[in-house]
Structure formats: structure tokens, C-alpha cells
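# Structural overview for review
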Protein chains: 2
Amino acid sequence: MLLVYRIPDINFHMTKMKSSSVFYLVYTLSLIFGLLCIIFVTTWCKGYRGGFAWDGTVKMFNWHPVCMVTGLVVLYGNAILVYRLPFTWSSNKLILKFVHGTLNLGALSLAVIGLLAAFWFHNKMHIPNLYSVHSWVGFAAVILFGLQWLMGFLAFLLPCTPIWLRTAYKDLHVFSGLCILPMTVAASVSGINEKLIFVLDAPNSTASYKNLPPEAYLANTLGVLLLCFSLTVAWMLLKREWQRPNTHAFSLSDATEPLLTEN
Amino acid sequence: MLLVYRIPDINFHMTKMKSSSVFYLVYTLSLIFGLLCIIFVTTWCKGYRGGFAWDGTVKMFNWHPVCMVTGLVVLYGNAILVYRLPFTWSSNKLILKFVHGTLNLGALSLAVIGLLAAFWFHNKMHIPNLYSVHSWVGFAAVILFGLQWLMGFLAFLLPCTPIWLRTAYKDLHVFSGLCILPMTVAASVSGINEKLIFVLDAPNSTASYKNLPPEAYLANTLGVLLLCFSLTVAWMLLKREWQRPNTHAFSLSDATEPLLTEN
């Protein structure tokens, strides 16, 4: 059994403040990367691939990268960060859970719309669904995300779920939530690569992927931005001192009171 | 300042033993996934893509996926796990550092050979290098890995490096080491996708990627196996109770002696 005692220390608070400034710097970077991802994917689909429609043509397919990048990567990355934002720590945890669940539901809905756009286009063009490794990894990420949302809802939002079940499931929920991020990046990078080969190396194309025309630069940079976004999010999630402090520890007024008891 | 006191507890040791069994189960899984990755990539290149040579032809290119999967994913994943294996905890830390550094040097060497194989083939076939998003992400991973190895050597193996520098750099070293893993998986999945499109959808091909011939099943499954391998490695790296115990804590004989002092 470990017993942890807290002794007031001015250096501890100074270190905390510096750490918080670095956190906000990384958080701002992640917001910039996320915004750039959405701008780049929209510019690519609108400026180079003919824009958007919901008619089974290639314009419908264009919703696929936009929804996946916006929902499954950027919104998802922001949804899993909710508990790391210091300005949320004073909020009621139930409110945080609702915000986390709602943002994730938004991300999941965009992912489903993105899948529908691809399937509908494939079906109309008589192209088989789910044959490439891009689609296998991407589809697995969406299925895992759906299960993750459902399990998270059942475990942490239903009031009747026993505490022991929440405790037992929490570690797995956090880990599998984190795993979805690299899966979506692997799916996105392979999807960008696949799309650029299909459109730039097509017989009727005037450009070639190998010659790196502006469209290829734009979409390749999107892949790099997605990676940068995910790495900043992962950094915020994994750095221990940026994790939400134990609420039990914060409720203790006496500095020499046991802060944490671990078995 | 936090002061941690340890009080002997039989339940604590039972929990540790159970946790260790689960670790070895996950470790065995990761070894199986890693072995399957090497078998699958070799079977793909030997059985479907004509085997190996070092002559600038496509047989030389075949070393690229084999070296990248074996070195940059499987050997790298095992190299970063060295400090997590409970049977290494009683070893001298300097020996562990040498094992970690040597395995990583092996992984880096295989990655460089893999890059050379691709560049040599491209140059002989007059194909530009580094134009696809697969190559951008993969090349970035190898450059980051090279820097990581060099910085790790300078910081942790040179005896003259001051302790404050080691301490300051350690967190970044661990995090960037972890980041290389999803980067290599994103590069691998996009590389498999690209290669299958190039060879199966080529004008002289008798099969088509869209019809999922046996080669496509094999290589797609390789992509999934690479993901499974990386996720098991990430699980072992991130689970706090599987991290190498603090050596200072283990050197204390008195159970009521301060175990850990954190600022």
C-alpha cells in the first residue's frame, strides 16, 4: 500500500505554472494544425476535385476526405482532450463527461457520413467496397470508435453502472481511445496517397503524381499536418503532469492529510 | 513536494504478480504479431514479387518493404520495449542502455538499407524519389529515428553528459521514441496500399486490387498485423504499472524509508 503526503512547496506551484504555459503553447499549436487540416482538405476537394454534391458522383465522394479529416481526426482529437484542459478542471465532472461524449458523437456522426459518401459513390460507379488496406484500417478505426462510444456511454454515463465496472474499464477506455488516433492517421495518409495515385496517374490526367504538381504538394502537406496534429494531441494526452488532477486530492484542505491511497 | 512512504502489503504483491502475467500474455502476443509481420512481408516479396537481388531491378526494391517492416517496425518495437521486460529489471542499467542502443542501431541500419534499396531502384528506373505522401511520412520517420538515436547516445551513453541534461531530455526522448511507431505504421500501411495499386492495377497485370486476389489479401493482412503489433507494443509502453520501477525505490531496505521524492 502506498500513502502519499503533500507538503506545501512554492517551487512546486512555480513548476506547475510553467508547465501550464507549455501546455497552452502545445494546445494552441494543435488548434492551428487542426484548423489547417480542415482548410487543406476542403481546398483540395473544392479547388482541385470539383467541389461537393450528394448525388453519387465523384463530388459526393469528396465529402469522404472532408468528413474523415474533420470528424475522425480533428474533432476526435479535440474530444479526447477535454479532460486535459486546465480551465475545465473546476467544472463538474458530469458536465465534462457530457461534453466529451457529445463531441465524440459529433465526430462519429461525421465519420459515418464520410463512410456513406464513399460507399454510395462506389456503389453507383460499380467499384467494390472495402478492398484496399486503407479501407480495412479506416473501417476498423470507425468500428472501434463506435464500440468505444457505446461502451463509454454504458460505463460512464448510465447512473446504474456499478463503480467497480467503471474502474475496471477506465484504463482500457483511455488506451483504446488513444489507439484510434494513430489508426485514423494511418488510414488518412494511405487514403491521400491512394486518391492522388488514382486521379493524377489516371490515363486522362494532365499531371502526374511523380512530378509533384501543386495538388500533390497540397495533399501531401495535408498528410504531414494530420501527423503533426495527432502528435501534439498525443503529447498533451501522455504527459503525466498535464493530466487532470485527482479530484479526491483536490478536495483535501489539510496539507498533511493523505492525498492518495493506492493498492 | 511529495513524499511517498511504503508500507508492506500482501495484496500489493499479489496484484503485481497478476499484472506481470497479463504483461507476459501481451508480450507473447506482440512477439507473435511481429513474427507474422516478417513472415507475411517476406512471403509477399518472395512468393508474389519475384524475390530478392541487389541489382537495381524490382527484385532490389523488394528489400525495401522487408527491411522497413523488419527493422523500422518489428525490431524498433522490440528495442523500445527493453526497459519494460520484468526479467531485465535486476540487470545493471548501463547494460540495458547498451542493449536498447544496439537493437535500435540494428533497426536504424535496416531502415537505411531499406531506403537505399528504394532510392537505387528509383534512380535506375528514372522514377523520382520522395514524391508520395508515403515517402514523406516514411522519410520523416527515418530522419527522426536517426536524430533520436544520436541524441540518445549523446545524452545517455556518453559519461560526460551532465545529469541535468539527461533529466531534461528524458521525457522528450521517451515521447519522440513513442511517436516514431505510429509514423512507421502510417508509412507502412500507405506503402502497402501504393505497391498493391502499382502492381495489381498495372496494364500488364492479370489481377486487379479491386477483386482482392490472394496477394492483396496477404498484403492487406500484413497492414493489419503491423497495426496489431504496434498497438500491443504501445499498450506495454503506456501502462503505468508495467513501467520499470524506480531504481532508487528498489535500493531502500527499510520499508518506512521515503520511497520517492518528487518536486
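Residues numbered from 1 in each chain as written. Chains lettered and ligands numbered in written order. Predicted model: local features only at pLDDT ≥ 70, side-chain atom pairs only at ≥ 80, totals over all residues. Heavy atoms only, no water.

Here we take up the pattern of salt bridges. The final tally for this structure, using the stated rule, is six salt bridges over all chains. In this structure, Glu215 of chain B and Arg49 of chain B form a salt bridge, with 2.8 Å as the shortest nitrogen-oxygen distance. Highlighted residues: Glu215 of chain B in helix α7 (residues 214–238) and Arg49 of chain B in the loop between α1 (10–48) and α2 (58–61), separated in sequence by 166 residues. What emerges from the salt-bridge pattern is a single network uniting Asp171 of chain A together with Lys239 and Glu241 of chain B. (Salt bridge = Lys/Arg side-chain N within 4 Å of Asp/Glu carboxyl O. Helix = DSSP H or I, 4+ residues; strand = E, 2+ residues; numbered from the N terminus.)

All right, on to the packing of aromatic side chains then. All names here are of chain B. Evaluated as defined, the whole model comprises 28 aromatic pairs over all chains. Here the aromatic rings of Phe23 and Tyr24 are separated by 5.5 Å at their centres, their planes lie at 85 degrees, and the arrangement is edge-to-face. A relative accessible area of 1% places Phe23 in the buried class. With centroids separated by 4.5 Å and ring planes inclined at 35 degrees, the aromatic side chains of Phe52 and Trp63 adopt a geometry described as tilted. With a gap of eleven residues between them, Phe52 in the loop between α1 and α2 and Trp63 in helix α3 (residues 63–79) connect regions that are remote in the sequence. (Phe/Tyr/Trp six-rings, centres within 6.5 Å; stacked < 30°, edge-to-face > 60°. Buried < 20%, exposed > 50% of the residue type's maximum accessible area, 1.4 Å probe, protein only.)

What follows deals with the packing of helix α6 (residues 163–200) of chain A against helix α5 (residues 133–157) of chain B. Close contact between α6 of chain A and α5 of chain B brings their axes to 8 Å; oriented N to C, the two are set at 140 degrees. In this view, α6 of chain A runs oblique relative to α5 of chain B, as classed from their interaxial angle. On α5 of chain B, the residues touching Val189, Ile192 and Asn193 of chain A of α6 of chain A are Val133, His134 and Val137 of chain B. When grouped by side-chain class, the residues that make up the contact of α6 of chain A with α5 of chain B number four nonpolar, two polar and no charged. (Axes fitted to C-alpha atoms, helices over the stretch in contact; angles between N-to-C directions. Parallel < 35°, antiparallel > 145°, perpendicular 65-115°, else oblique. Contact = heavy atoms within 4.5 Å. Nonpolar A, V, L, I, M, F, W, Y, C, P; charged D, E, K, R; others polar.)

This brings us to the side chain of Glu194 of chain B. Position of Glu194 of chain B relative to the elements: it lies in helix α6 (residues 163–200). Although buried, Glu194 of chain B forms no salt bridge, and the nearest oppositely charged side chain, Lys210 of chain A, lies 8.2 Å from it. A distance of 2.9 Å separates polar atoms of two side chains, one belonging to Glu194 of chain B and the other to Asn193 of chain A. (Lys, Arg positive; Asp, Glu negative; His and termini not counted. Polar contact = N/O pair within 3.5 Å; in protein donor to acceptor, adjacent residues only side chain to side chain.)

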